[in-house]
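# Chains, contacts and geometry: an overview
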There are 2 protein chains.
Amino acid sequence: MNTEIDPWGQVNVKNYGQLCKDFGIEKFSKVLPRMQNLPVYMRRGGVFGHKDFELILKAIEERKKFVMMTGLMPSGSFHFGHKLVADQIIYYQKLGAECYIAAADLEAHLTRDMPLEKAREIAIEEYLLNYIALGLKPEKVHFYFQTEGKKEYMNLSKFVSKKTTLNEIRSIYGDISPSKIVSALTQVADILHPQLKEYGGPKPVIVPVGADQLPHINFTRDIAARMHGEYNFVPPSATFHILIPGLQGGKMSSSVPESSIFFSDSPKAAEKKIRKYAFSGGQATTEEHRRLGGNPDIDVSFQWLKILFEEDDKKLRTIEEEYRSGKLLSGELKQILIEKVVSFLERHEEEREKARDRIGLFWQN
Amino acid sequence: MNTEIDPWGQVNVKNYGQLCKDFGIEKFSKVLPRMQNLPVYMRRGGVFGHKDFELILKAIEERKKFVMMTGLMPSGSFHFGHKLVADQIIYYQKLGAECYIAAADLEAHLTRDMPLEKAREIAIEEYLLNYIALGLKPEKVHFYFQTEGKKEYMNLSKFVSKKTTLNEIRSIYGDISPSKIVSALTQVADILHPQLKEYGGPKPVIVPVGADQLPHINFTRDIAARMHGEYNFVPPSATFHILIPGLQGGKMSSSVPESSIFFSDSPKAAEKKIRKYAFSGGQATTEEHRRLGGNPDIDVSFQWLKILFEEDDKKLRTIEEEYRSGKLLSGELKQILIEKVVSFLERHEEEREKARDRIGLFWQN
């Protein structure tokens, strides 16, 4: 194995192609031709792999019921890494998916010592408001906090304990503890409970996750298969997206302000962060840059434009070519990103305030 | 340690005095003088030890709120071993305790593969009806199935996972698994949840348990202490009762018909079981018995009379002396027990049928 994945720790995934091989993930590029109106990063390799996505395609094409299930970890500020998930939720909702969103307040409490009230506040202020502002229809979402789930869900999170062993959990999560075990089992129930008969019974479920969640998806699929006799669960499908590089090139983190731009950052602050921190693929001096050109593959501004902001393929190609040739300077490239980010944040701030009136709709289901 | 205790396995407790020493249990005989109207076996060493029972005595004497908490394992037929617990529940209810009774359907499902519907049926038919027939007032009991507890209880069963380690759980329960961990944590929540603010806040709680549950009580008390900052829990008090010897002298077991008399046995069947199986402390022949006398300390019929049936101290002493001297034969001793058991079962059968009308009262709280 060349890849290390730890669902609770630092991510170190250097080669997504290798990941697909190591873990038996299908390449998402193969199903792309059958999909329309994709968010920009889904077209450009941001979603790189899947398990059983054919089940979802079939449900979409045959207009059958399917579920989009995801969780949010209410432990920090909403940033552009989270937008990748939000866009997928909204994409599947538009395609007719019944959406389930779990706020992982229990997990935040158990594994990060987060007070529940704080988790609730973060979930609403940082996640739910932004989801609506980005286009989610809250009135059609089954939203819940893990500590407020219905009886059937609560019980399922305990019943699944019968279907695994400590050795299996240890092999997936490494150094385990009772609270990590409870968190892991609760997450399994999050993913499987939309298939309980109280929620309409077995059906295809798509879980869009970051590459770091792969072991947890496999674990959940295995448990679903072991429960087949009793519950008839369809093993959940999943897509795997890349982790967008942080501004400085490392991991994007809610707890490291300079690693990302938060949706709560002012346009001015965002501009400053990009100028100051965005890792550049350019040369040390303008003269050198003109002569040798820049490297867009490691330039964070270019990567962000590619994955998040520049929807026009032609424009993106021009930027890439001009940067590589040295015609476009690093400062100029940053300026293109800054304009996109500032314009996004300004518009989003308005949408976010408008969203406040509709937040209660999350609880109507 | 001379004593082995396994909450999930065979019990092997040879010496209750040693148990008190090994595990720091106070002798119940010391608090006896302050208590009145005790069930017969509480007067006669059937309850042999306690932890923090002073808190309960104080609550009783000062007419302050206290809770009696117990669980039932819905996995077999109700027998005289269970009556020991039932009598204590009723005793504390009469003393003014708020009674909480958990039916451990989750645990039966997780650790004994019991279908939930079956667990529910056994809980009602074998336990709840007998509790009422024995004198419990169901309308005053907080009764619940573990799979139907309220949100706060369900969450507590997960929150407690933060306050322990796998090593601690392993040291208490031996060979552990995810389902055993979930069962153990759920039991901790059973005992602690009556002190949540939603249930009126911290207060003394008495948990009457068999000697085999000692490690679980210690575990729960330790967790209560570790949660003190957040919840202000009073570490639960407990009393420990002996395990009544089975008819053949070993453990009484719901799954071994000849080990006990079930409340569902007909008086005729009960009589036959005692004659056929009750372990005797008498000699091999009448001649030898007259000459050497019997040993009431190992005679199960005598032990049952002492712990369960003969309330009159004087009569019991006469039986003991006459048996020891050889005047009373083993068959005659058995006959005394048979008459008591038959008369009890006949009366109880009537009470049990009358109880059926009141069973719904368990769910009114």
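As a starting point, this report considers the structure included with it. (Residues numbered from 1 in each chain as written. Chains lettered and ligands numbered in written order. Predicted model: local features only at pLDDT ≥ 70, side-chain atom pairs only at ≥ 80, totals over all residues.)

The next thing to look at is the sheet that holds strand β1 (residues 26–27) of chain A. Adjacent strands of a sheet pair through backbone hydrogen bonds, lying either parallel or antiparallel. Residue and element names in this part refer to chain A. Reading across from one edge, β1-β2-β7-β6-β3-β4-β5 is the order of the 7 strands in this open sheet, with mixed pairing throughout. The open sheet has two edge strands with one neighbour each: β1 and β5 (141–145). Sheet topology places strand β6 (residues 205–210) next to strand β7 (residues 237–241); 5 bridges connect them, and they run parallel. Counterpart to P208 in the pairing with β7 is T239. (Pairing = 2+ DSSP bridges. Helix = DSSP H or I, 4+ residues; strand = E, 2+ residues; numbered from the N terminus.)

Residue and element names in this part refer to chain B. Among the residues making up helix α3 (residues 53–61), those that are buried are F53, I56 and A59. All buried residues of α3 project into a common sector of 120 degrees when viewed along the axis, lining one side. Next to the buried residues of α3 lie β2 (47–51), β6 (205–210) and β7 (237–241). Two residues or fewer after α3 comes R63, characterised by a positive phi angle close to 50 degrees. (Buried ≥ 20, exposed ≤ 12 C-beta atoms within 10 Å, placed from the backbone. Arc of directions from axis to C-beta. Contact = placed C-beta atoms within 7 Å.)

A separate point is the interface of chain A and chain B. On the chain B side, the residues contacting the 21 residues of chain A number 21 residues. Broken down by secondary-structure element, the contributors of at least two residues to the side of chain A that touches chain B are α5 (105–112), α7 (151–159), α8 (166–173) and α9 (178–192) of chain A. Element by element, the count of residues in the side of chain A that touches chain B is highest for α9(A), at 5 residues. Residues that form the side of chain A that touches chain B fall into these classes: 10 nonpolar, 7 polar and 4 charged. (Nonpolar A, V, L, I, M, F, W, Y, C, P; charged D, E, K, R; others polar.)

Turning our eyes to something else, we now look at the environment of B:E126. Residue and element names in this part refer to chain B. One can find E126 in helix α6 (residues 116–134). Judged by the 22 C-beta atoms lying within 10 Å of it, E126 falls in the buried class. For the pair formed by E126 and S77, sequence separation is 49 residues and the distance between their alpha carbons is 5.9 Å. Contacts of E126, omitting those with residues within four sequence positions, involve S77 and F78.

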